[in-house]
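In case you want the letters, here they are:
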Amino acid sequence: QMSNSSSFNEFLLMAFAERRELQLLHFSLFLGIYLEGLLANSLIVTAIACDHRLHTPMYFFLLNLSLLDLGCISTTVPKSMANSLRNNRTISYSGCAAQVFFLSVFALAEYSLITVMAYDRYVAICRPLHYGTLLDSRACFKMAAAAWASGFLYALLYTVNTFSISLCQGRVVEQFFCEMPQILKLSCSHSYLREAGVTVVTAFIVFGCFIFIVVSYVQIFRVVLRIPSEQGRHKVFSMCLPHLAMVSMFVSIGTFAYLKPPSISFPVLNLVVAVLYSLVPPTLNPIIYSMRNRELKDSL
């Protein structure tokens, strides 16, 4: 139990384990995953920034994606590792708000950027003669800036909405980091209208981007099916495969995390799902993109 003096300025996060040996195991596993994510994404950023052959729209967006992945994994993992190492569960009120804000920035900006990357693939395959004009450096910069800005504005709305409600159902967050659904469970005000507003905005953005990605790939596959040679079809498909894998992973994990029925919502499953959506995309994205990419491999 927390004393009254601390109840208004800190939260208790969910611990992975009570036993010291398991806490140290959690620290070691998270440290390994975190270092892999840091190293892989930093290598991609460095390779793209330093190799002039990779100064193309696709790699520019990939560089931004790696920066977002670095931010995403650094928002939740270090605090969780530090708590396990110190046998502690607390996070300050401002630290909790910062986690909600930055995770929202990076998650939505990443989803927006994935949508922009679908457009990049569409132009490259369906309108190759216009690629240089539709995706010149100025257009690429504007699209990347729009993805970051949309993440920032959405996160501002999301965080202000979450932390402007009064909390009276204790201070125990049933997650290893601060996320909005768990904090709303601590609310004592019936702010359904406000929550509905944020839900509508979120659904509008998520479905809008998803429809755009689907339409882009329908157009791409129509072009692919018209290519006479099997080698040509294979080449085009291999261009799209990393992006398709990333979209599938991002959408499936996110959908399950936030749209799973309440009947199967219990703390252990919520914890596993949160580990999946906060750790898997940032650590797997660099591997997915570099595995089938000869240019990137050579540069690395």
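Residues numbered from 1 in each chain as written. Predicted model: local features only at pLDDT ≥ 70, side-chain atom pairs only at ≥ 80, totals over all residues. Heavy atoms only, no water.

Observations concerning the environment of E295
Residue placement: E295 occurs in helix α11 (residues 294-299). If near-sequence neighbours (up to four positions away) are discounted, E295 is found in contact with L54 and Y59. (Helix = DSSP H or I, 4+ residues; strand = E, 2+ residues; numbered from the N terminus. Contact = heavy atoms within 4.5 Å.)

Details of the UniProt feature "transmembrane region" (unreviewed entry) in the protein chain
As annotated by UniProt and renumbered to match this structure, "transmembrane region" (unreviewed entry) occupies residues 24-46, 58-77, 97-119, 139-157, 200-224, 236-258 and 264-284. Between the C-alpha atoms that bound residues 139-157 there is a distance of 27 Å. The span itself is 100% helix and 0% strand. Along residues 200-224, the helical share is 100% and the strand share 0%, with 36 Å between the first and last C-alpha atoms. (UniProt positions renumbered as here; feature names shortened; annotations may be inferred.)

Some words on the layout of surface pockets
Considered as a void within the structure, the largest pocket measures approximately 1,400 Å³ in volume. As for the largest pocket, its lining consists of 48 residues, and the residues nearest its centre are Y158, T202, G254, A257 and Y258. Contributions of two or more residues to the lining of the largest pocket are made by α3 (57-86), α4 (93-126), α6 (137-163), α7 (180-184), α8 (192-226), α9 (230-259) and α10 (267-291). Of the residues assigned to the lining of the largest pocket, the class counts are 31 nonpolar, 11 polar and six charged. One number sums up the size of the second largest pocket: a volume of about 360 Å³. (1 Å grid on protein atoms, 1.4 Å probe; cavity = no way out; pocket = protein on both sides within 12 Å on 5 of 7 lines; lining within 4 Å. Points joined across faces, edges and corners; volume = space filled by probe spheres on them. Nonpolar A, V, L, I, M, F, W, Y, C, P; charged D, E, K, R; others polar.)

Quick word on the state of the cysteines
Taken as a whole, this structure holds one disulfide when the rule is applied. A sulfur-sulfur distance of 2.0 Å marks the disulfide that ties C96 to C178. The sign of the -115 degrees torsion about the S-S bond sets the C96-C178 disulfide as left-handed. Linking C96 in helix α4 with C178 in the loop between α6 and α7, this pair joins segments that are 82 residues apart in sequence. (Disulfide = S-S within 2.5 Å.)

Topic: the pattern of salt bridges
Tallying each qualifying case throughout the model produces three salt bridges. For E21, the salt bridge identified is with R19, shortest N-O distance 3.6 Å. Of the two residues, E21 and R19, neither departs from the other in class, the shared state being exposed. Ionic pairing is found between D51 and R53, a salt bridge with its closest N-O pair at 2.8 Å. Of the residues examined, R53 reaches a relative accessible area of 53% and is grouped as exposed. (Salt bridge = Lys/Arg side-chain N within 4 Å of Asp/Glu carboxyl O. Buried < 20%, exposed > 50% of the residue type's maximum accessible area, 1.4 Å probe, protein only.)

Section: the nonpolar core
Counting 63 residues, the largest nonpolar core has I48, F61 and L62 as the members making the most contacts within it. When residues of this core are traced back to their parent elements, those giving at least two are α2 (20-50), α3, α4, α6, α8, α9 and α10. A per-element tally of this core places α4 first, with 13 residues. Setting aside anything within four residues of it in sequence, one finds L62 in contact with I44, I48, M117, Y289 and L296. Listed in part, the 19 residues of the second largest apolar core include A97, Y154, F163 and L184. (Core = buried A, V, L, I, M, F, W, Y, C linked by side-chain atoms within 4.5 Å.)

Considering the side chain of S112
Inspection of the secondary structure assignment puts S112 in helix α4. In this structure, S112 is in contact with A147 and S150, ignoring residues within four places of it in sequence.

Observations regarding a nonpolar patch on the surface
Among the surface-exposed residues, F152, L153, L156 and V160 lie close enough to one another that they form a single nonpolar patch of about 390 Å² accessible area. Turning to its location among the elements, L156 is positioned in helix α6. A relative accessible area of 39% means that L156 is categorised as partly exposed. (Patch = residues over 30% accessible without salt bridge, like charges linked within 9 Å, V, L, I, M, F, W, Y side chains within 5 Å. Areas by Shrake-Rupley, 256 points an atom, 1.4 Å probe, with all protein chains shown as cover.)

Describing the packing of α3 against α4
Following both chains from N to C, one finds α3 and α4 inclined at 160 degrees, their axes separated by 9 Å at the closest point. Viewed along their axes, α3 and α4 adopt a mutual orientation that is roughly antiparallel. Both α3 and α4 take part in a crossing whose hand is left-handed. (Axes fitted to C-alpha atoms, helices over the stretch in contact; angles between N-to-C directions. Parallel < 35°, antiparallel > 145°, perpendicular 65-115°, else oblique. Left-handed = near helix turned anticlockwise from the far one by under 90°.)

A closer look at α3
Here α3 contains 30 residues, and its C-alpha end-to-end distance of 44 Å stays within 8% of the 44 Å for a straight helix at 1.5 Å per residue. Among the 30 residues in α3, 22 count as buried, and that is most of the element. (Expected span 1.5 Å × (residues − 1).)

Considering the packing of α4 against α9
Running from N to C, α4 and α9 cross one another at 160 degrees; their axes reach a closest spacing of 11 Å. When the axis of α4 is compared with that of α9, the two are roughly antiparallel. The handedness of the crossing between α4 and α9 comes out as left-handed. Residue-level inspection shows A107, E110, Y111, I114, M117, A118, R121, A124 and I125 of α4 in contact with α9, the latter providing V236, M239, C240, H243, M246, V247, F250 and V251.

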